Amino acid sequence: MATVSAVVSSSPTGHPPRSFSNPTTSLPFKTTSITRSETRTRTRTRLTWLNPHPRGALIEATPPPNSALSPSPKDGSFKVLALPETRADDLQAEARALARAANASVYTPQLVASKYGSQPLKVVGRALKVLSALGLFGLKLLVDQRSGVLDQNKRIRAIELRDSFTRLGPTFVKLGQGLSTRPDICPPEYLEELSQLQDGLPTFPDDQAFACIERELGQSLDSIFSTISPTAVAAASLGQVYKAQLKYSGKLVAVKVQRPDIEEAIGLDFYLIRGLGFLINKYVDFITSDVVALIDEFARRVFQELNYVQEGQNAKRFKKLYADKEDILVPDVFWDYTSAKVLTMEWVDGVKLNEQEAIERQGLKVLDLVNTGIQCSLRQLLEYGYFHADPHPGNLLATPEGKLAFLDFGMMSETPEGARYAIIGHVVHLVNRDYEAMARDYYDLDFLSRDVDVSPIVPALRNFFDDALNYTVSELNFKTLVDGLGNVLYQYPFNVPAYYALILRSLTVLEGLALYADPNFKVLAASYPYFAKRLLTDPNPYLRDALIELLFKDGKFRWNRLENLLVQGRKDKDFSAKEALQPVLKVLLSPDGEDLRTLVIKEAVRVSEAFTLGTISETYRYIPNFVRTLVFNGNANGPFTVPETEMRSMIELRDQVIRIWGLLQSSHDFDPTILLPLLQVLDQPEARRLGGRVVGGITQRLAARVLQQVLRVPTPASE
């Protein structure tokens, strides 16, 4: 391995390191004193690089355990053994973080029952506090019901429930946020109010936070950080965040520290909530979902959030999948300073996405950032299936460079592969107003078990969507759509999977953010290019069938649908004309494509006739009248007697096909060479037979036209 000698200042930033002083200092970060010899900034130290491509010298006075630095016993200089820049180093650091989190708690109903079943006094005390808050709320609901004002007071009661959850602490804040994604459990008024639930909880003492950092990482603060903010810069239900500067690299980081005893509090609360779930399952008929199962699933997710190493791995996976786009930023994880209760990530400077004025002062546009968020969300939900399940404004930042930064990866979810395609198919059925197919989609989406009869659901879907679809896609408000769908889900025995509820919430949040900047913004209009691109380019059989279903109706090809798909699909930055052409031909020429080939042959004949007769008709108009009479045997009206409406329809069809071809040609990656693979496909025997059938159909059609003209038989309407 090549070695390079370098002489550098012992300060990692090239400036004297900031000394830690009393917290009352005017400096923005907490400091404390350091008296070790490394503060002598004029000392020059000889380094031996073992990494052939170092990004910078990492120098510390007293290296922490497992440090990349090793002091020389002879002259006090430092030898850089390794830099955490390579993938191997990063994996080793991650493995050390996993080892530190080996004893992180995992939720199981049995474990919670065994732990708190033997602590009756603690359980009773917490139960009284919870019951006093929620019991009063339940009593008000009962009074409303008996007074006949239950529906009238829904909004008031929803606000009261939100406030009660905030007062009851972290578990109930999380529970309320979870309920805000469950349209099968809560009416729309409750969904809206609970979605506004904020983590309005007080911070815990900073001394406890700093003690937690040192205990979890096994190092003193001054050996890890040059500076750290004296108080938390942000607080949430499960922890709070400090801004710091790493000593070994000078990088700014966000250090999230878990609340003390949070596992104990949350475990006790879920023990009580689970008992309430059994009572709801037994006595509350209008809630059709298994409440205990939902509570267990939610508790598992919350306990996963308590393991910050898991959150770091979530961030790493999210970055790998989605940060390939230049407008998306995902902060890096510093594994050597991460444990189950401490998470250290790259600091991101930015403005919350709901602070429109601050964003515009940076020369950025909120709508551009929201569009970036929508496109990334669609990739998360429907492409890879791994998505950020809590995209509220505090977790989405606009950076000064115009990037959209995602933060807080504690709550993630996944869309099953089959459901990803079923969702796109569901959109196709919605566009086609095929409500029977929409109802059957709920089987594939796991909304309903296969033994449930969907026929009663069809009229409810028709009643709502017929009214909603009177608007164009660009006019349709996503929140209105979700609220209406929520009413349908609430009235019938649906069991909405967590992933689908979170999808609805994610897109609703993004539309809400956009409405601050543009009251006319519609998330469906912004999403449609992605759906169009996927339908046109994805070779998945399910989506190919969905495309065919969208384009063909009653044996006829709907060219206007194809043109609209191309117009919308080209708005997506990743649209490829090459990808749009080849999968279609492969389906057409597949062994199972006979029904499609029959439709295509019929349409090809119709289009060819439109081109031929349309061109002849337009050419004929420029021929002088006396020539028309001589050439066409005295017929001054033209070579074919075709009704004006039919001829106009042919010309419109021809012009539409020309426009579609123009759309393909004007795509950014269009090149004549992309047709070479298509020619290879067309060289297949089935393709040659298909071409022969098309030519034969055209010949027969034109021959019939000529015969009709010779015999002066009135031309029948075009099929």
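Above: the structure in question.
Not measured: the values here are computed from a predicted model.

Draft legend 1. Focus on the environment of Ile 228. Mapped onto the secondary structure, Ile 228 falls in strand E5 (residues 225-228). Residue Ile 228 is classed as buried on the basis of its relative accessible area, which comes to 0%. For the pair Ile 228 and Leu 252, spaced 24 residues apart in sequence, the C-alpha separation works out to 9.5 Å.

Draft legend 2. The arrangement of the pairing of strand E10 (residues 342-346) in detail. Across the five residues that make up E10, a large majority, four, are buried. Strand direction decides the pairing type here: strand E8 (residues 252-258) and E10, joined by five bridges, are antiparallel. Each residue of the ladder has a partner; that of Lys 256, found in E10, is Leu 343.

Draft legend 3. Region of the structure containing unusual backbone geometry. At Asp 408, a residue that is not glycine, the phi angle is positive and equals roughly 60°. A positive phi angle is found at Asp 446, which is not glycine, with a value near 65°. You can see Asp 446 is positioned in the loop between helix H15 (435-444) and helix H16 (457-468). Its relative accessible area of 51% is what places Asp 446 among the exposed residues.

Draft legend 4. Fine view of the pattern of salt bridges. With the rule as written, the count across this model stands at 26 salt bridges. Residue Arg 126 pairs with Asp 269 through a salt bridge whose shortest N-O separation is 2.6 Å. Here Arg 126 is found in helix H3 (residues 120-147), whereas its partner Asp 269 is found in helix H9 (residues 262-283), with 143 residues between them in sequence. Taking the relative accessible area as the measure of exposure, Arg 126 reaches 15% and is therefore buried. Between Glu 160 and Arg 157 there is a salt bridge; the shortest N-O distance is 3.0 Å. Within this pair, Glu 160 and its partner Arg 157 are both found in helix H4 (residues 154-168), separated by three residues, close to a single helical turn. Taking relative accessible area as the criterion, Glu 160 reaches 23% and is therefore assigned partly exposed.

Draft legend 5. Summary view of the packing of aromatic side chains. Taken as a whole and judged by the stated rule, the model has 13 aromatic pairs. Clustering of aromatic rings is evident, with ring pairs tying together Phe 318, Tyr 322, Tyr 384, Phe 406 and Phe 409. Positioned above the aromatic ring of Tyr 386 is the side chain of Arg 317, whose terminal nitrogen or guanidinium carbon lies 3.8 Å from the ring centre.

Draft legend 6. Region of interest: the nonpolar core. Core analysis: the biggest nonpolar cluster contains 141 residues, and Phe 270, Leu 353, Tyr 442, Leu 461 and Leu 565 have the highest contact counts within it. A per-element tally of this core places helix H18 (residues 498-517) first, with 10 residues. Among residues more than four places away in sequence, those in contact with Leu 353 are Ile 359, Val 366, Leu 369, Val 370, Pro 393, Leu 396, Ala 398, Leu 404 and Leu 513. Leu 217, Ala 244, Tyr 248 and Val 255 belong to the second largest nonpolar core, which has 21 residues in total.

Draft legend 7. Layout of helix H7 (residues 206-217). Under the 1.5 Å per step criterion, the end-to-end length of H7 is 17 Å for 12 residues, consistent within 8% with the ideal 16 Å. Within H7 the residues assigned to the buried category are Ala 209, Phe 210, Cys 212, Ile 213 and Leu 217. Around the axis of H7, the buried residues are gathered within 155° of arc, so they sit on the same side. Residues of H7 that are exposed and point over 90 degrees away from its buried face: Asp 207 and Arg 215. On its buried face, H7 is in contact with helix H1 (87-100), helix H8 (221-224), E5, strand E7 (239-246), E8 and E10. Two residues or fewer after H7 comes Gly 218, characterised by a positive phi angle close to 70°.

Draft legend 8. Region of interest: the sheet that holds strand E14 (residues 404-406). Read across the open sheet, the four strands follow the order E9-E14-E13-E11; overall the sheet is mixed. Every other strand in the sheet has two partners, leaving strand E9 (328-329) and strand E11 (351-352) as the edge strands with one partner each. Bridge count between E9 and E14: two bridges; the pairing is parallel. Looking at E14, one finds that Leu 329 is bridged to Ala 405. Here helix H13 (residues 366-384) sits on the sheet and contacts E9, strand E13 (396-398) and E14; the angle it forms with E14, its principal contact strand, is near 45°.

Draft legend 9. Just the side chain of Glu 305, in detail. Mapped onto the fold, Glu 305 is located in helix H10 (residues 291-305). Only 3.2 Å separates the side chain of Glu 305 from the side chain of Lys 174, close enough to count as a polar contact. Setting aside anything within four residues of it in sequence, one finds Glu 305 in contact with Lys 174, Leu 238, Glu 311, Gly 410 and Met 411.

Conventions adopted
Residues take numbers from 1 onward in each chain, read along the sequence in its written order. In keeping with the predicted nature of the model, local features appear solely for residues at pLDDT of at least 70, side-chain atom pairs appear and are counted solely at 80 or more, and the whole-chain, interface and lining totals rest on all residues. Note: side-chain values were computed over all heavy atoms of the structure, leaving out hydrogens and water. Helix numbers and strand numbers start at the N terminus; a helix is a DSSP run of H or I with at least 4 residues, a strand a run of E with at least 2. Buried, partly exposed and exposed residues are distinguished by accessible area as a fraction of the type maximum, computed with a 1.4 Å probe on protein chains only: under 20%, between the cut-offs, and over 50%, respectively. Any two strands with at least two DSSP-identified bridges between them are counted as paired. Basic side-chain nitrogens of Lys or Arg form a salt bridge, by our definition, when they fall within 4 Å of a carboxyl oxygen of Asp or Glu. In summary, the pairing rule links any two rings of Phe, Tyr or Trp, Trp by its six-membered ring, whose centres are within 6.5 Å, and it sorts them by plane angle into stacked for under 30 degrees, edge-to-face for over 60 and tilted for everything else. The criterion is that NZ of a Lys, or CZ of an Arg, lies within 6 Å of the ring centre and within 35 degrees of the ring normal, and then a charge sits over that ring. As used in this record, nonpolar core signifies buried Ala, Val, Leu, Ile, Met, Phe, Trp, Tyr and Cys residues forming a set joined through side-chain atoms within 4.5 Å. The contact rule is simple, with two residues in contact once any of their heavy atoms fall within 4.5 Å. Multiplying 1.5 Å by the residue count of a helix minus one yields the expected span of that helix. Here the arc refers to the set of directions running from the helix axis out to each C-beta atom. Working convention: axes come from line fits to C-alpha atoms, limited for helices to the stretch in contact. Angles between N-to-C directions cover 0 to 180 degrees. Any pair of nitrogen or oxygen atoms within 3.5 Å is treated as a polar contact; in protein, a donor-acceptor pairing is required on top of that, and neighbouring residues in sequence qualify only through side-chain atoms on both sides.

Just distances and angles here, no functional claims.
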